[in-house]
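Architecture and fold: a report
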Amino acid sequence: MRAHDNASGAGASEAERLTVAAEVLGHLADPTRLHLLRLLSTEQDVTSLTTRVAASRSSVSQHLGRLRLAGLVQARRDGRRMLYRLTSDHLADLVGQALDFADHAVRGIPHHQHRITAGEDTGHAAG
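A few points about the overall build of the protein chain
From N to C terminus, the protein chain includes 5 helices and 3 strands. Mapped in sequence order, the helices and strands of the protein chain form the string α-α-β-α-α-β-β-α. Residues counted as buried form 22% of the 127 residues belonging to the protein chain. Intrachain contacts of the protein chain at a sequence separation of at least 6 include 48% that bridge at least 24 residues. Surface summary for the protein chain: the accessible area is close to 9,200 Å², and the carbon and sulfur share equals 52%.

Rendered as structure tokens:
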């Protein structure tokens with residue numbers, strides 16, 4: 001059993017799950033936001049992020065605000081600075097998988113395929 005199978009939202013419908021997943025993927029659909037999310041595996045401030053992405057400080061701040069409102073990034077104040085980090089390891093994995101997929105596509109590397117055969121357990125709880 002997965003750790004969150006008994007969580008309060010366990011009865012969420014498939015439609016709700018698909019809607020939330022689509023919203024998350026929509027936030028990943030911008031190259032600057034995707035880059036910021038990759039960098040936020042460690043807590044960072046706007047200044048350090050701005051030096052690492054191809055965007056202005058104002059643009060970085062706006063993207064971080066959107067990501068925070070979407071619940072993908074958390075912020076905390078440290079003196080005069082705001083420090084940002086990802087809210088979930090699942091999100092870090094999703095970003096990493098998207099970038100791995102892109103790496104294969106850009107470099108012409110064949111994609112990995114794992115086909116599930118009848119009766120094979122996917123590791124996910126049914127229903």
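Regarding the pairing of strand β2 (residues 73–78)
Pairing of β2 with strand β3 (residues 81–86), which is carried by 6 bridges, proceeds in the antiparallel orientation. Looking at β3, one finds that Arg77 is bridged to Met82. Connecting β2 to the next strand, β3, in antiparallel fashion are 2 residues, including Gly79 with a positive phi near 70°.

Remarks on the nonpolar core
Leu37, Leu40, Leu49, Val60, Leu64 and Leu91 are the most contacted members of the largest nonpolar core, which has 20 residues in total. When residues of this core are traced back to their parent elements, those giving at least two are α1 (14–28), α2 (31–39), α3 (46–50), α4 (57–69), β3 and α5 (89–107). When near neighbours in sequence (up to four residues on either side) are disregarded, Leu64 contacts Leu36, Leu40, Val46, Leu49 and Tyr84.

Some remarks on the packing of α1 against α5
At a closest axis distance of 12 Å, the pairing of α1 and α5 adopts a crossing angle of 55°. In terms of orientation, α1 lies oblique with respect to α5. The interaxial crossing formed by α1 with α5 has right-handed handedness. Mapping the contact onto sequence places Val24, Leu25 and Leu28 in α1 and Leu91, Leu94 and Val95 in α5.

Details of the pattern of salt bridges
Applying the stated criterion across every chain yields a total of 5 salt bridges. Two residues, Asp78 and Arg81, come together in a salt bridge whose shortest N-O distance is 3.2 Å. When its relative accessible area of 34% is taken as the criterion, Asp78 is described as partly exposed. Judged by its relative accessible area of 38%, Arg81 falls in the partly exposed class. It is possible to trace a salt-bridge network through shared partners that takes in Asp45, Asp78 and Arg81.

Cut-offs and rules
- Residues numbered from 1 in each chain as written.
- Predicted model: local features only at pLDDT ≥ 70, side-chain atom pairs only at ≥ 80, totals over all residues.
- Heavy atoms only, no water.
- Helix = DSSP H or I, 4+ residues; strand = E, 2+ residues; numbered from the N terminus.
- Buried < 20%, exposed > 50% of the residue type's maximum accessible area, 1.4 Å probe, protein only.
- Contact = heavy atoms within 4.5 Å.
- Areas by Shrake-Rupley, 256 points an atom, 1.4 Å probe, with all protein chains shown as cover.
- Pairing = 2+ DSSP bridges.
- Core = buried A, V, L, I, M, F, W, Y, C linked by side-chain atoms within 4.5 Å.
- Axes fitted to C-alpha atoms, helices over the stretch in contact; angles between N-to-C directions.
- Parallel < 35°, antiparallel > 145°, perpendicular 65-115°, else oblique.
- Left-handed = near helix turned anticlockwise from the far one by under 90°.
- Salt bridge = Lys/Arg side-chain N within 4 Å of Asp/Glu carboxyl O.

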